[in-house]
There are 2 protein chains.
Amino acid sequence: MSTYIAVDVGGTQLRVATYTEEGVTPHQQARIPTKSSEGQAIDRLVDLIANLWPSHDKVAAIGIAVPGPTNPKLGILYSAPNIPGWENLPLRQLLEDRFGVPVNLGNDANLAVLGEWYFGAARGHHNVLYLTISTGIGGGVICDDRLLLGEDGLAGELGHVTVLPDGPLCGCGQRGHLEALSSGTGIAAFVVEELRKGRPSALKLNPAPNARDISQAAEMGDPLAVEAFARAGKYLGIAITNYLHVFNPSIVILGGGVSQSGSLLTGPMRAILETSALSAEYYKRLTITRAALGDDVGLLGALALARITQREVI
Amino acid sequence: MSTYIAVDVGGTQLRVATYTEEGVTPHQQARIPTKSSEGQAIDRLVDLIANLWPSHDKVAAIGIAVPGPTNPKLGILYSAPNIPGWENLPLRQLLEDRFGVPVNLGNDANLAVLGEWYFGAARGHHNVLYLTISTGIGGGVICDDRLLLGEDGLAGELGHVTVLPDGPLCGCGQRGHLEALSSGTGIAAFVVEELRKGRPSALKLNPAPNARDISQAAEMGDPLAVEAFARAGKYLGIAITNYLHVFNPSIVILGGGVSQSGSLLTGPMRAILETSALSAEYYKRLTITRAALGDDVGLLGALALARITQREVI
């Protein structure tokens, strides 16, 4: 039996799990904090993998989900915003040299769509659009049974498209990106700005409300909080409609914490999305659904990558 | 020797040309008006193909570029806005039944990128973004050496993305699409609207200026005309930047008459495009260039489709 090792590098945790040739239940798994006074993250990650290395079975491949722009063809992580020192890191080479098995890596949002397609909500689909909406907005696309990567693996940055020219500032420094309007950060920034203008709201007692606080206030009927989610949902609907025209997917999957805010967000989103496409053909076989894989999506995306690249499908 | 037949269905002309197995110089070609009192377009198209049918050589395949939303997998043209009666037309079946050879069809903008990739400006590239800017805006994408089609072949409608919510009305009925802002029609509509508001301009003597008139006025320094192109270029730059993030292409090709307006349009476009990407990685190996195939792009795209599908690359 061969073993596959999946690694999920997050800003908070480093996770590693081992799997057999089939199935999605880990044989072994472990996690440690990404930041620690006890050495560099890369050294602690290598140790974590070594600790889980099977004593009898052969390791077929390692797949790694990383939280930043990545060139999967070269195996290089360009940057990981929350991990100091991880810039232009040749992660594949480093781990292949250390462990002597094939290593592949991918951006976490790209691997999330791979995981959902291989194991989750998009099984059996050929054209998949995935958006994860949390503090930021990431994305991934399957086109005709292949992961969209682009020339240098930088495709699929679906949160960094301008949907409102000269709109609010995005974390990336540009203005009016979908992420600046519809992410948790974008929703909170809108509320803070409106409170500063003197808008009445139950949220005014909270000096720094986050998306969860705003969601709770909206469920209590607070008009500003309701408007904040409606605005986020509107731009999400505009962006997804654009993506229908660009990709003509058969399934749209929404993941991430903010996507779980329910109809506060998805009501206004669907109102735009379901009435704005060029023709009814775009809706005829379209499913819009929530992500299925939950917190394990990073590991399972990395597992899918490890198994797929061994079979040379990508 | 096998012969390949390429067909370019336009709103104005029906063109047919025959080619040998290699090269892009037609062996024979003919064109007729799309509209005529002498019978239905489909019957006249069949006659035109029959007239050019080689007497000695075997025909390997027919490729057809059609001017509207198309399902290339089913071989159905959903609609051709300028050709009465061409709705849900099973063009592949019709021509395969008549001629007994494989027939494939594609949307003209999709086939334009295929032609440019196979024969033109994008030879040797693996990730190609193509936009044609004329009265409307169409597009096509090559992702990792494959034409982006989507579930029903409706992908690549790159002109029908919202770049200015609640912006000007698009020909499709939605508001703020790239086509409504940056096409020739969009440029002219802006000028007409500004003239109506009383803006001074040399164009006020022209009751219905088109993009060419406005381009000429802009070259003479007319401020309104210059602004009209700058506005179109701005939104084009925003949209192309979005597509860099979505597709990470190595080449962006601009075709269509309006794209030949020179720096009036491309100056403001490049000002946005070259400063707004998420990281310098998107520009490192990026070429921005004009289409190479000119008026024959429809025929050559159809030829590429015929040859490629015979080799089962797509």
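You'll find the structure just up there.
Basis of the calculations
- Residues numbered from 1 in each chain as written.
- Chains lettered and ligands numbered in written order.
- Predicted model: local features only at pLDDT ≥ 70, side-chain atom pairs only at ≥ 80, totals over all residues.
- Heavy atoms only, no water.
- Helix = DSSP H or I, 4+ residues; strand = E, 2+ residues; numbered from the N terminus.
- Rg over C-alpha atoms; globule rule 2.2 N^0.38 Å.
- Buried < 20%, exposed > 50% of the residue type's maximum accessible area, 1.4 Å probe, protein only.
- Contact = heavy atoms within 4.5 Å.
- Areas by Shrake-Rupley, 256 points an atom, 1.4 Å probe, with all protein chains shown as cover.
- Lys, Arg positive; Asp, Glu negative; His and termini not counted.
- Charge placed at Lys NZ, Arg CZ, Asp CG, Glu CD.
- Buried area = accessible area lost by both parts, 1.4 Å probe.
- Salt bridge = Lys/Arg side-chain N within 4 Å of Asp/Glu carboxyl O.
- Pairing = 2+ DSSP bridges.
- Axes fitted to C-alpha atoms, helices over the stretch in contact; angles between N-to-C directions.
- Parallel < 35°, antiparallel > 145°, perpendicular 65-115°, else oblique.
- Left-handed = near helix turned anticlockwise from the far one by under 90°.
- Expected span 1.5 Å × (residues − 1).
- Least-squares fit on C-alpha atoms with pLDDT ≥ 70 in both.
- Polar contact = N/O pair within 3.5 Å; in protein donor to acceptor, adjacent residues only side chain to side chain.
- Core = buried A, V, L, I, M, F, W, Y, C linked by side-chain atoms within 4.5 Å.
- Phe/Tyr/Trp six-rings, centres within 6.5 Å; stacked < 30°, edge-to-face > 60°.
- Lys NZ or Arg CZ within 6 Å of the ring centre and 35° of its normal.

Draft legend 1. Summary view of the overall build of chain A. Helices and strands together make up the secondary structure of chain A, namely ten helices and 13 strands. Whereas a compact globule of 314 residues would reach a radius of gyration of roughly 20 Å, chain A reaches 20 Å, a difference of no more than 12%. Here the C-alpha coordinates of chain A stretch approximately 65 × 50 × 30 Å along the principal axes. Here chain A holds 314 residues, and the buried ones make up 59% of them. Taking contacts inside chain A between residues at least 6 apart in sequence as the whole, the part at least 24 apart equals 61%. For chain A, the accessible area works out to roughly 12700 Å², and carbon and sulfur atoms hold 49% of it. In chain A, 24 positive and 30 negative side-chain charges are present, and the distance between their average locations comes to 5 Å.

Draft legend 2. Looking closely at the environment of Ala-217 of chain B. Residues and elements named next belong to chain B. Positionally, Ala-217 belongs in helix α6 (residues 211-219). Relative accessible area serves as the criterion here: at 10%, Ala-217 is assigned to the buried category. Discounting residues that sit within four places of it in the chain, Ala-217 has contacts with Leu-203, Asp-222 and Ala-225.

Draft legend 3. View of the interface of chain A and chain B. Opposite the 46 residues of chain A that make contact, chain B presents 46 residues. Carbon and sulfur atoms make up 50% of the area that chain A and chain B hide from each other, which totals about 3700 Å². The largest per-residue losses of area from chain A upon contact with chain B belong to Arg-146, Glu-151 and Val-246 of chain A, which jointly make up 17% of the total buried on that side. Counting every contact that joins chain A to chain B gives six salt bridges.

Draft legend 4. Main features of the sheet that holds strand β10 (residues 137-143) of chain B. Residue and element names in this part refer to chain B. Judged by pairing direction, the sheet is mixed, and its five strands sit side by side in the order β11-β10-β9-β12-β13 without closing on themselves. Because the sheet does not close on itself, it has two edges, and the strands there are β11 (146-147) and β13 (287-290). Sheet topology note: the strand β9 (residues 128-133)/strand β12 (residues 251-255) ladder contains five bridges and is parallel. Directly across from Leu-131, in β12, lies its bridge partner Leu-254.

Draft legend 5. Geometry of the packing of helix α5 (residues 184-196) of chain B against helix α7 (residues 223-247) of chain B. Residues and elements named next belong to chain B. Where α5 contacts α7, the two axes come as close as 9 Å, and the packing angle between them is 135 degrees. Taken together, the axes of α5 and α7 lie oblique to each other. By crossing handedness, the relation of α5 to α7 is classed as right-handed. Along its contact with α5, which presents Gly-186, Ile-187, Phe-190, Val-191, Glu-194 and Leu-195, the element α7 presents Leu-224, Glu-227, Ala-228, Phe-229, Arg-231 and Ala-232.

Draft legend 6. Local environment of the sheet that holds strand β1 (residues 2-9) of chain B. Residues and elements named next belong to chain B. If you walk across this open sheet you meet the five strands as β3-β2-β1-β4-β8, and the pairing is mixed. Where the open sheet ends on each side, the last strands, each with one partner, are β3 (28-33) and β8 (103-107). Neighbour-to-neighbour, the strand axes of the sheet open up by a mean angle of 15 degrees, direction not taken into account. Bridging between β1 and strand β2 (residues 13-19) involves six bridges; their strand directions are antiparallel. Note on β2: the bridge partner recorded for Val-9 is Leu-14. Sheet contacts for helix α2 (residues 91-99): β4 (58-66) and β8; angle to β8, the most-contacted strand, approximately 155 degrees. Contacting β4 and β8, helix α3 (residues 108-119) crosses the sheet at an angle of about 105 degrees to β8.

Draft legend 7. Molecular detail of helix α1 (residues 41-52) of chain B. Residue and element names in this part refer to chain B. Here α1 contains twelve residues, and its C-alpha end-to-end distance of 17 Å stays within 8% of the 16 Å for a straight helix at 1.5 Å per residue. Those residues of α1 lying buried are Ala-41, Ile-42, Arg-44, Leu-45, Val-46, Leu-48, Ile-49 and Leu-52. Summarising the contacts, the buried residues of α1 are in contact with β1, β2, β3, β4, β7 (87-89) and α2.

Draft legend 8. Spatial organisation of the relation of the copies chain A and chain B. With an RMSD of 0.0 Å, the operation that places chain A on chain B is a rotation of 180 degrees combined with a shift of 0.0 Å along the axis. Expressed as a symmetry operation, the mapping of one chain copy onto the other fits a two-fold axis. An overlap of 100% is found between the interface residues of chain A and their copies at the interface of chain B, pointing to a shared contact surface.

Draft legend 9. Summary view of α3 of chain B. Residues and elements named next belong to chain B. Taking 1.5 Å of rise per residue, twelve residues should cover 16 Å, and α3 covers 16 Å from first to last C-alpha, within 8% of that figure. Most of α3 sits out of view: ten of its twelve residues are buried. Two or three places before Ala-109, at the start of α3, stands the capping residue Asn-107, its side-chain oxygen 2.8 Å from that residue's backbone nitrogen.

Draft legend 10. Structural detail: the nonpolar core. Membership of the largest hydrophobic core comes to 100 residues, with the highest contact counts inside it found for Ile-214, Ile-240 and Phe-247 of chain A together with Ile-214, Ile-240 and Phe-247 of chain B. Filtering out sequence-adjacent residues up to four positions away, Ile-214 of chain B remains in contact with Ile-187, Ala-188, Val-191, Leu-203, Pro-209, Ala-225, Ala-228 and Phe-229 of chain B.

Draft legend 11. Layout of unusual backbone geometry. Positive phi, close to 50 degrees, is recorded for Asn-88 of chain A, a residue that is not glycine. Counting through the fold element by element, Asn-88 of chain A comes out in strand β7 (residues 87-89).

Draft legend 12. How the structure looks around the side chain of Asn-71 of chain A. Residue and element names in this part refer to chain A. One can find Asn-71 in strand β5 (residues 70-71). Within polar-contact distance, the side chain of Asn-71 engages the backbone nitrogen of Lys-73 at 2.9 Å. With residues near it in sequence (within four places) discarded, Asn-71 still touches Ile-76, Tyr-78 and Asp-152.

Draft legend 13. Inspection of the side chain of Thr-241 of chain A at higher detail. Residues and elements named next belong to chain A. Note that Thr-241 resides in helix α7 (residues 223-247). Residue Thr-241 is classed as buried on the basis of its relative accessible area of 4%. Among the polar contacts listed, one links the side chain of Thr-241 to the backbone oxygen of Gly-237, at a separation of 2.7 Å.

Draft legend 14. Quick look at the environment of Gly-159 of chain B. Residues and elements named next belong to chain B. With respect to the helices and strands, the residue Gly-159 is situated in the loop between β11 and α4 (178-182). Look at Gly-159 and you get buried, because its relative accessible area is 0%. Once residues lying within four places of it in the same chain are set aside, the contact partners of Gly-159 are Ile-137, His-177, Leu-178 and Glu-179.

Draft legend 15. Quick peek at the packing of aromatic side chains. A full pass over the atoms with the stated rule returns nine aromatic pairs over all chains. Between Trp-117 of chain A and Tyr-118 of chain A, the aromatic rings sit 6.3 Å apart at their centres with planes inclined by 50 degrees, giving tilted as the arrangement. With a relative accessible area of 26%, Tyr-118 of chain A lands in the partly exposed category. An aromatic cluster is built from Tyr-243 and Phe-247 of chain A together with Tyr-243 and Phe-247 of chain B, whose rings are joined through pairwise contacts. The side chain of Arg-98 of chain A reaches across the aromatic face of Phe-99 of chain A, ending 4.6 Å from its centre. One residue, Arg-307 of chain B, lies across the ring of Tyr-4 of chain B, its end atom 5.8 Å from the ring centre.

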